[in-house]
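# Coordinate inspection notes
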Amino acid sequence: MTTVRLLWLLTRRGSAARGTVALPVAAFAATTTLLLTVLAGAVSFLRWHDEMATFYQSLAALAVILLVLPLLTLGGSAARLSARRRDDRLATLRLLGATPATVAAMTVAESAVLALGGAVAGVLGYLLLGPAVQQIPFRGEAIGAAYWLPPLAVLAAVATVTVLGAVSAAVGLRRVVISPLGVRTRQSADRVRGRRAVVAAIVVVAAVVALQSSFREVAVAVAVILGAFAAGLGVLNLVGPWAVGVVARSQLRRARTAERLIAARQVLDAPKAAWRQVGGVAMTSFVAVFAGTGMAMMAGQEPTSGPEMYLAQDIRTGILITLVASFLTVACSVGVNQAASVLDRADLYVSLDRLGMPRKTLEAARTRAVMVPLLTVALGSAGVAAALVLPLVGLALVMAPLSVAVLLACLAAGVGLVRLALLGTRPVVGAVLAPGGAART
């Protein structure tokens, strides 16, 4: 009962800003909606059993891999939104005598409830999108009723998102339980070690070698290809924070203006948080390489009869759907993370404002703290994807004009989304800097 009472006191209106509740719920809802929609589209391909069915199902599995991992990353980010505010509150309770078990129970319960609420809202979004997605044609016919997942699959997705929220909260709780005073006084910043890069390089080299090998069994070859792509996405999540930190340290050494110095310090204070703000664009850049290569491969291949009659058109449709879903993930991730970043750094922004820093300089520092990591990880993820797809299709298709055009268009769209998110959070900054704003948020 003590845990329940404390949780109620810390989450009721007047003790926490509405945004700290609405933001993660919105992120979990978007995660669940897109996850269910992607899975439903892939499962709909299982209704075919002819000679082309295996090929279509392999492409569907590839699309799921390219989209599900970024969606789970978005869900993990949602569980960590406003983490510093929560850490501060819980660390204060620890200093007042709360036991580690009480703190752990409060954190896991709060995140699980928010995740469950968002997941339920996401199911409603999946149902609302259903009629539109059902009209998408494959092999000359609409998806139709095959779109709807079994109820148990929907419940499993809701449970997965809820568990993801609880586990992410429990993992992030470790430093509060161990050292409440250090967290409360913010004495240490996140540390991302260079061994991540070594592990990532080993994984990429192993994946490239595996893709260059020949396999007699088609099923084994498909499994290796899908596993290599999944490993590539995992590498991005592993090495991304380290790469962001390396670039920020370089920027810090060469900083000559206030906004450059503040931007580099912000990134170095939390490289993982900086990565979460731009990780969605990195995933989109990764997907764009495969999309552009696929379009270049299918250019000019239009059979007029036989089982392959709709293949080129269906591949273009699948690529378009994958890109749209990827950009929806980016839009959700960037918007929510940018707003959460403002709330998490409210004290810093207020302090700089009270010291007399012009709002223009503050906005320039905030923009630079996002855009520099963004360009770094977007180009890096495109390089990883190109290394993985090169053994399969060759350099000519990877560097084909259509492939490059798709990649550049996706990068431009991703950068534009981030810029719009930064502009959209300026009112949040204004609310934080208003008299008493920091206390309210």
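Structural data are supplied above this passage.
Okay, so let's go over this structure. (Residues numbered from 1 in each chain as written. Predicted model: local features only at pLDDT ≥ 70, side-chain atom pairs only at ≥ 80, totals over all residues. Heavy atoms only, no water.)

### Looking at the nonpolar core
Condition: In this description, a nonpolar core means a group of buried Ala, Val, Leu, Ile, Met, Phe, Trp, Tyr and Cys residues linked to one another through side-chain atoms lying within 4.5 Å. Residue burial is assigned from relative accessible area. The probe radius is 1.4 Å, only protein chains are included, and a residue is buried under 20% of its type maximum, exposed over 50%, and partly exposed in between. We count a stretch as a helix when DSSP gives it H or I for four or more residues in a row; a strand needs E for two or more, and each element gets its number in order from the N terminus. The domain boundaries here were taken from an automatic or database domain assignment. Note on contacts: a residue pair qualifies if any of its non-hydrogen atoms lie within 4.5 Å across the two residues.
Core analysis: the largest hydrophobic core is formed by 89 residues, its most contacted members being Phe 286, Leu 388 and Val 418. Ranked by residue count, the leading element in this core is helix α12 (residues 271-298), at 12 residues. In this structure, this core is formed jointly by two domains, domain 1 (1-187) and domain 2 (236-440), each of which donates at least three residues. Contacts of Val 418, omitting those with residues within four sequence positions, involve Val 281, Val 334, Val 370, Met 371 and Leu 374. Counting 12 residues, the second largest nonpolar core, distinct from the first, contains Ala 346, Leu 352, Ala 365 and Leu 433.

### Section: the layout of surface pockets
Stated precisely, the cut-off is as follows: A 1.4 Å probe that fits into a set of points on a 1 Å grid over the protein atoms alone but cannot get out defines a cavity; an open set with protein on both sides within 12 Å along at least five of seven lines defines a pocket, and lining residues are those with an atom within 4 Å of a point. Grid points are joined across faces, edges and corners, and a volume is the space filled by probe spheres set on the points. Residue polarity follows a fixed list, in which Ala, Val, Leu, Ile, Met, Phe, Trp, Tyr, Cys and Pro are nonpolar, Asp, Glu, Lys and Arg are charged, and the others, Gly among them, are polar.
The calculated volume of the second largest pocket comes to roughly 1300 Å³. If you go around the second largest pocket, you meet 49 residues; those closest to its centre are Leu 59, Ala 60, Leu 62, Ala 63 and Thr 322. Among the elements of the structure, α2 (18-43), α3 (53-79), α5 (100-133), α10 (218-253), α12, α13 (311-344) and α15 (359-393) are those that each provide at least two residues to the lining of the second largest pocket. Of the residues assigned to the lining of the second largest pocket, the class counts are 39 nonpolar, 9 polar and 1 charged. Per-domain counts for the lining of the second largest pocket show at least three residues from each of domain 1 (1-187) and domain 2 (236-440).

### Observations concerning the packing of aromatic side chains
Put simply, the test is: In summary, the pairing rule links any two rings of Phe, Tyr or Trp, Trp by its six-membered ring, whose centres are within 6.5 Å, and it sorts them by plane angle into stacked for under 30 degrees, edge-to-face for over 60 and tilted for everything else. Geometrically, a lysine NZ or arginine CZ counts as sitting over a ring once it is within 6 Å of the ring centre and also within 35 degrees of the ring normal.
According to the stated counting rule, one finds 7 aromatic pairs in the structure shown. Centre to centre, the rings of Phe 45 and Phe 138 are 5.0 Å apart; their planes meet at 70°, and the pair counts as edge-to-face. Remark: Phe 138 occurs in strand β1 (residues 137-138) and Phe 45 occurs in the loop between α2 and α3; sequence separation between them is 93 residues. Ring geometry for Trp 48 and Tyr 56: centres 5.4 Å apart, planes at 70°, overall edge-to-face. This pair shows no difference in class: Trp 48 is buried, exactly as Tyr 56 is. Among the aromatic residues, those joined into a cluster by ring pairs are Phe 45, Trp 48, Tyr 56 and Phe 138. Between Arg 139 and the ring centre of Trp 48, over which it is positioned, the NZ or CZ distance is 4.9 Å.

### Remarks on a nonpolar patch on the surface
Spelled out, the test is: Like charges within 9 Å and nonpolar side chains (Val, Leu, Ile, Met, Phe, Trp, Tyr) within 5 Å are joined into patches, using only residues over 30% in relative accessible area that form no salt bridge. Here, Shrake-Rupley sampling with a 1.4 Å probe gives the accessible areas, and only protein chains in the shown set may cover a residue. Any Lys or Arg side-chain nitrogen located within 4 Å of an Asp or Glu carboxyl oxygen qualifies as a salt bridge.
On the surface, a nonpolar cluster with roughly 460 Å² of combined accessible area is contributed by Leu 390, Leu 395, Met 399, Val 404 and Leu 408. Of note, Leu 390 is situated in helix α15.

### Topic: a positive patch on the surface
The condition is simple: A positive count includes Lys and Arg, and a negative count includes Asp and Glu. His and the chain ends are not counted in either. By convention, the charge on Lys lies at NZ, on Arg at CZ, on Asp at CG and on Glu at CD.
A cluster of basic residues, Arg 249, Arg 253, Arg 254 and Arg 260, forms a positive patch on the protein surface. Summarising the element assignment, Arg 260 is placed in helix α11 (residues 258-269). On the basis of relative accessibility, which here comes to 34%, the residue Arg 260 falls in the partly exposed class.

### Overview of the packing of α15 against helix α18 (residues 426-433)
Think of two packed helices as two axes; the pair is described by the angle between the axes and how far apart they sit. Selection rule: Helix axes are fitted only over the stretch in contact, all axes being lines through C-alpha atoms; the angle between N-to-C directions runs from 0 to 180 degrees. Just so you know how the angles are binned, under 35 degrees is roughly parallel, over 145 roughly antiparallel, 65 to 115 roughly perpendicular, and the rest oblique. Should the near helix be turned counterclockwise from the far one by less than a right angle, the crossing is left-handed, whereas a clockwise turn marks it as right-handed.
In contact at an axis separation of 12 Å, α15 and α18 are set at 130° when each is read in the N-to-C sense. In terms of their interaxial angle, α15 and α18 are classed as oblique. Here α15 runs over α18; the crossing is right-handed. Contact with α15, carried on its side by Arg 359, Leu 362, Glu 363 and Arg 366, involves Arg 426, Val 429, Gly 430 and Leu 433 of α18 and no other residues of that element. Class assignment for the residues of the contact of α15 with α18 results in 3 nonpolar, 1 polar and 4 charged.

By themselves, these are just geometric observations and shouldn't be taken as functional.
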